[in-house]
Amino acid sequence: MRSLQLFGDRDLRLTEIEPPPPPAAGEVQIRVRAVGLNYLDVWGFRGMAFAKRKMPQAAGVEAAGEVVAVGEGVSRFREGDTVTMYGAETCGHCKACREGCDNLCENVAGIMGFHIDGFARELVNRPERLVIKAPAGVSFEDAACAPIGFGTVQHMLFDNAKLEPGESILVHAGGSGIGTAAIKMAKAIGCTVYTTVGDDEKGAKAKALGADFVVNYKTERFEGEVRLLTKRKGVDVVFEHVGADTWNGSLLCLKRGGRLVTCGATSGASTTMNLMQLFQQQYRIFGSFGCRIENIAQSLEKMAGGMKPVIDSVFPLADFEKGLARLEGRQVFGKVIVTF
């Protein structure tokens, strides 16, 4: 069967590999139909996995497909179901896993497509507990955005930041996959949405999604604009995933007692911050990584209800690297999808 295999830094090849055996007891075999691209893919492609990897390794950290076989004892799935998969090899036994906090697994073996074999292969066997069924009407391309593109945002906004209807939120990089999802989810509950973008074309698209105020960070200081727009009051929540370049400006955008939730550091992993500002303003800062399996199910339900992911472009399997290049060059508005 075909698979996208990473042989080394920036050495990605479409190759033939052995198909998996029939699913074992408790396993589901899935024919992968669509892979969603993320910055994790870019970092893995560059060789930034921060861990030893056994090469070659199947790429792809987020995907969807259809069930083609089930192992003994599997009761929740049948052939033909549209499904997506949890993107980490969790143990299923530790306290965190038992309590549904899958992204806090104490014995996680790695992230699929980043530390261990990923989803960019035609067939994959997964434990039933790590497979999530999509409601009727959700496409493979949309379902491929659920584990990271939507699930990450669901976890950030509602598990961690506890975003409430009618609050105000600053969404950084509103043209990114998670940025577009954050705008949609916040507007769906009546929030006032401020967002940053890198050009005016993306700004117009962000407004069309529902953003109330758009700041082009290349021509304006976003923190100054947000303070001006909020009459120096600040926002309730900052949705941060850019990192060092925006960190301190993001704190300046918060009102007293405001919440900042972060899941990324694409512009740099280290920064300095004013500790007096932190405690005097009583900020609350949440680190957020991945999501819980329940968040993926919640995301799929939102898609079934009409909240579709913003898809920037779709590439065939052979053009996987073109999709990565588009993402790496920050040309995207929404998600990049690769189809099998």
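Quick notes on the rules
Residues numbered from 1 in each chain as written. Predicted model: local features only at pLDDT ≥ 70, side-chain atom pairs only at ≥ 80, totals over all residues. Heavy atoms only, no water. Helix = DSSP H or I, 4+ residues; strand = E, 2+ residues; numbered from the N terminus. Buried < 20%, exposed > 50% of the residue type's maximum accessible area, 1.4 Å probe, protein only. Contact = heavy atoms within 4.5 Å. Phe/Tyr/Trp six-rings, centres within 6.5 Å; stacked < 30°, edge-to-face > 60°. Lys NZ or Arg CZ within 6 Å of the ring centre and 35° of its normal. Pairing = 2+ DSSP bridges. Axes fitted to C-alpha atoms, helices over the stretch in contact; angles between N-to-C directions.

## Considering the overall build of the protein chain
Piece 1. Each helix and strand counted, the protein chain has 11 helices and 16 strands in total.
Piece 2. In terms of overall dimensions, the protein chain has a C-alpha envelope of 60 × 40 × 40 Å along the principal axes.
Piece 3. Out of the 340 residues belonging to the protein chain, those deemed buried represent 54%.
Piece 4. Considering only residue pairs separated by 6 or more positions, the protein chain has 71% of its internal contacts joining residues 24 or more positions apart.

## Some thoughts on the packing of aromatic side chains
Piece 1. Counted under the stated rule, the structure contains one aromatic pair.
Piece 2. For the ring pair Tyr194 and Phe213, a centre distance of 4.9 Å and an interplane angle of 15° mean the geometry is stacked. Taken together, the positions of Tyr194 in strand S10 (residues 192-197) and Phe213 in strand S11 (residues 213-216) put the pair 19 residues apart, joining distant regions of the chain.
Piece 3. Look at Phe213 and you get partly exposed, because its relative accessible area is 31%.
Piece 4. Cation over ring: Arg13 sits above Phe7, and NZ or CZ is 3.9 Å from the ring centre.

## Thoughts on the sheet that holds strand S12 (residues 235-240)
Piece 1. Taken in spatial order, the six strands make up an open sheet running S11-S10-S9-S12-S13-S14, and their pairing is parallel. Lying at the two open borders of the sheet, with one neighbouring strand each, are S11 and strand S14 (284-287). Across the sheet, the axes of successive neighbouring strands diverge by a mean angle of 15°, strand direction being ignored.
Piece 2. Summarising the sheet, strand S9 (residues 168-171) and S12 pair through three bridges and their orientation is parallel. Bridged to Leu170 within S12 is Val238.

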